[in-house]
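Residue-level structural notes
Residues per chain are reported as follows:
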Amino acid sequence: MRMMLERMFTGRNGIDQLNTAVLVLGLVCWVASMFVPVRGLQTILYYAFVLAAGVCIYRALSRNIAKRQEENQKFLQKTGRFRNSKESWQNKAEQKRQFKIFKCPACGVKLRVPRGKGKIRVTCRQCGATFEEKS
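Here's a quick rundown of the structure.

Here is what the cut-offs are and how they apply
Residues numbered from 1 in each chain as written. Predicted model: local features only at pLDDT ≥ 70, side-chain atom pairs only at ≥ 80, totals over all residues. Heavy atoms only, no water. Buried < 20%, exposed > 50% of the residue type's maximum accessible area, 1.4 Å probe, protein only. Helix = DSSP H or I, 4+ residues; strand = E, 2+ residues; numbered from the N terminus. Pairing = 2+ DSSP bridges. Salt bridge = Lys/Arg side-chain N within 4 Å of Asp/Glu carboxyl O.

1. Remarks on the pairing of strand 2 (residues 110–114)
Alternating residues of strand 2 divide into L111 and V113, all buried, and K110, R112 and P114, none buried. Where strand 1 (residues 99–103) lies against strand 2, 5 bridges are found, and the strand directions are antiparallel. Bridging across to strand 2, K100 finds its partner in V113. Linking strand 1 to strand 2, which pair antiparallel, is a turn of 6 residues; within it G108 sits at a positive phi near 85°.

Now the structure itself:
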């Protein structure tokens, strides 16, 4: 079965981030269609799911790889701000665990020093002021 799928996807676009996002959106529409009490809205949400599934299948089996990659790149550019904000948040949390942040008393610049080094002398890179702090 695996070899059959590999042969089928050879020379085709396959699954990318845009396909995943469209499929998730389609699944949300499908689940919502089950719980919406209005019959007309149920139908619209169900057909949105069917359309999303069709778009995913079309994009995955497409042999026009350059066009599909271009579409995916546009999607990644438009959603980059949302994806990077999560990475930025995780990066900040990791930095807080590993480093202690001080403000220079002379110029107010933020300085980062490793945690757990005891009392250390910190030299500001911008103004050259030195001060002692506990890390």
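The structure having been displayed, the exposition proceeds.
2. Points about the pairing of strand 4 (residues 130–134)
As paired strands, strand 3 (residues 119–123) and strand 4 are joined by 5 bridges and run antiparallel to one another. Within strand 4, the residue paired with I120 across the bridge is E133. In sequence, strand 3 turns back onto strand 4 through a hairpin of 6 residues, with G128 there showing a positive phi of about 85°.

3. Section: the pattern of salt bridges
Overall, the coordinates contain 8 salt bridges when judged by the stated rule. Between E71 and R68 there is a salt bridge, with the nearest N and O atoms lying 3.0 Å from each other. A residue pair is termed a helical-turn pair when its members lie 3 or 4 positions apart in one helix, as E71 and R68 do in helix 4 (residues 65–98) at 3 residues. E71 sits in the partly exposed class, given a relative accessible area of 26%. Each of D16, R59, R68 and E71 takes part in a single network of salt bridges with overlapping partners.

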